[in-house]
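Listed below, chain by chain, are the residues.
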Amino acid sequence: MASVLKRDTAFENIPSIKAKTLRINLNPDIYGTFAEIGAGQETARHFFRSGGASGTIAKAMSAYDKDFSDAIYGVEEDGRYVTQSRLKKMLSHEMRLMGERISRDTHPERLFFAYANTVATIDFSKRYKGHGWVGIRFQLDAHQKEFDEIILHIRFKQNEARLQQETLGIVGVNLIYGAFYKYHKPRKLLKYLYDHIDQDTIEIDMVNFSGPNFKGVDNRLMSLQLIRNDMTDAVMFGPDGNNLLPAAILYKKNILALRGSFRPVTKVNMDMFEKSYDIFVRDPAVDIDKAIVIFEITLSNLKAHGEIDEQDFMDRAELLCSLGHTVMISKFQEYYRLVEYLNNYTKAHIGLTMGVNNLVDIFDEKYYRHLSGGILEAFGKLFFKELQVYLYPMKNAETGQIMTSNNIKVHPRMKELYKFFKYNGKVMDIIDYDPEIMHIFSRDVLKKLINNEDGWEDMLPEGIAETIKEKNLFTRKMVKQKEEAKT
């Protein structure tokens, strides 16, 4: 194996962009193609400038004209060019050409790569700041048949196209360098993407690792790193565990969002989902073919017990994915921030499914003291014309009374405001709930599970208890601690 890690170890910590490109250029085995569409050949430029690029760059190209681009990479079904599908076609095409045109007999140890980006920078009106897809397909062993791949999506925050182009070039260098020299540390690789870039110049809101050298990488955990590193405010992943681009999933969709700890997901969670979904799709404003359900967990919820427990996060994700759901992890502690985020991508109907306690908290002024307009500013963002709350009832443990939108208690100063939204149809009760399961709370299930008490299995949806037992979810840390105590 031609190991790039064995070469030039003295240069490992050199931080400059020139040092990174020069290290790659001086490695005789790394050889590949640069295909950049939409923002100049900014990444390739750094490699040309540092010197020795003839040993690294097989080809550098920009297919700006749409007809030329289609002739090279094919036509996209949706007719768009700045998409993940386009990027993957670029990587596949260029990597295939590398294999066809460079003889392995002559260069048996060369490590091929194809770097590509397809980008739209800020428009003339400066209404849309621009975004792009960036990726690399590469080898770490000249004899490996399956390629490794890193793909990410970026959003520009700068207000000049020139600055965005320069930023893109630096990101590209950091990605290529990381692919060859930091692939074994994917978490650090993510952080290194911001080398020589201010945190507020770009947002990275999706990343996926794949290939033989990333078999141990769970992309859901990589999504979590994007949030923890303040690279983005929200990430999403699908039932298959692969990360999704929120903008692509949410664009012009009717969205039903359920927030919870899902630790673990219970029968009540699923009853809330099923009953609210029935109401949601019956709304004349909702196109069921353009409807999506999101199970959302806030970062503050993941931190509820101190530092984020990544295994705990993965256990929750495992169960939600096994039920076939799309999951969002966000930094939006307040509901109005979640709605504001969703409203960036859709003007269609949005539904929020929540319990009585959540609705009471929404009408608590203490959560909005940081806003200049206070609770009125927050509610202006929360209760816009296409939003509706689906309220799941709660049984008062002391009185046995069923609490609904008609008898909940909000602060006296908030009563009239609450009545306004209630009578204008912004809050709708879920009335066909299952009264036999109202005593179930995730925290109680988890306590029984950890203490090995009877009965917790009956509180969970079908198949979930079996998954928890089979994979030792939520108990692995406890089992490990017991084993360590014995030794």
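What counts, and at which threshold
Residues numbered from 1 in each chain as written. Predicted model: local features only at pLDDT ≥ 70, side-chain atom pairs only at ≥ 80, totals over all residues. Heavy atoms only, no water. Helix = DSSP H or I, 4+ residues; strand = E, 2+ residues; numbered from the N terminus. Rg over C-alpha atoms; globule rule 2.2 N^0.38 Å. Buried < 20%, exposed > 50% of the residue type's maximum accessible area, 1.4 Å probe, protein only. Contact = heavy atoms within 4.5 Å. Areas by Shrake-Rupley, 256 points an atom, 1.4 Å probe, with all protein chains shown as cover. Core = buried A, V, L, I, M, F, W, Y, C linked by side-chain atoms within 4.5 Å.

A. Structural detail: the overall build of the protein chain. Within the protein chain, the secondary structure is distributed over 18 helices and 16 strands. A compact globule built from 487 residues should have a C-alpha radius of gyration of about 23 Å, and the protein chain, at 26 Å, falls within 12% of that. Across its three principal axes, the protein chain shows a C-alpha extent of roughly 80 × 65 × 40 Å. Burial analysis of the protein chain (487 residues in total) assigns 54% to the buried set. Considering only intrachain contacts with a sequence separation of at least 6, the fraction spanning at least 24 residues in the protein chain is 72%. Taken as a whole, the protein chain presents about 23,000 Å² of accessible surface, with 49% of it coming from carbon and sulfur.

B. Representation of unusual backbone geometry within the structure. The amide bond that connects Arg-263 to the next residue, Pro-264, takes the cis arrangement and shows omega of 0°. Relative to the elements of secondary structure, Pro-264 occurs in the loop between strand 9 (254-259) and helix 9 (267-282). Residue Lys-252 is not a glycine yet carries a positive backbone phi of 60°. If you trace the backbone, Lys-252 turns up in the loop between helix 8 (246-250) and strand 9.

C. Inspection of the nonpolar core at higher detail. Grouped together as the largest cluster of nonpolar side chains are 93 residues, with contacts concentrated most on Ile-150 and Phe-180. With ten residues, the single largest contributor to this core is helix 5 (residues 161-181). In this structure, Met-90, Met-98, Tyr-341 and Tyr-368 belong to the second largest nonpolar core, which totals 63 residues.

So yeah, pure geometry; function would need other evidence.
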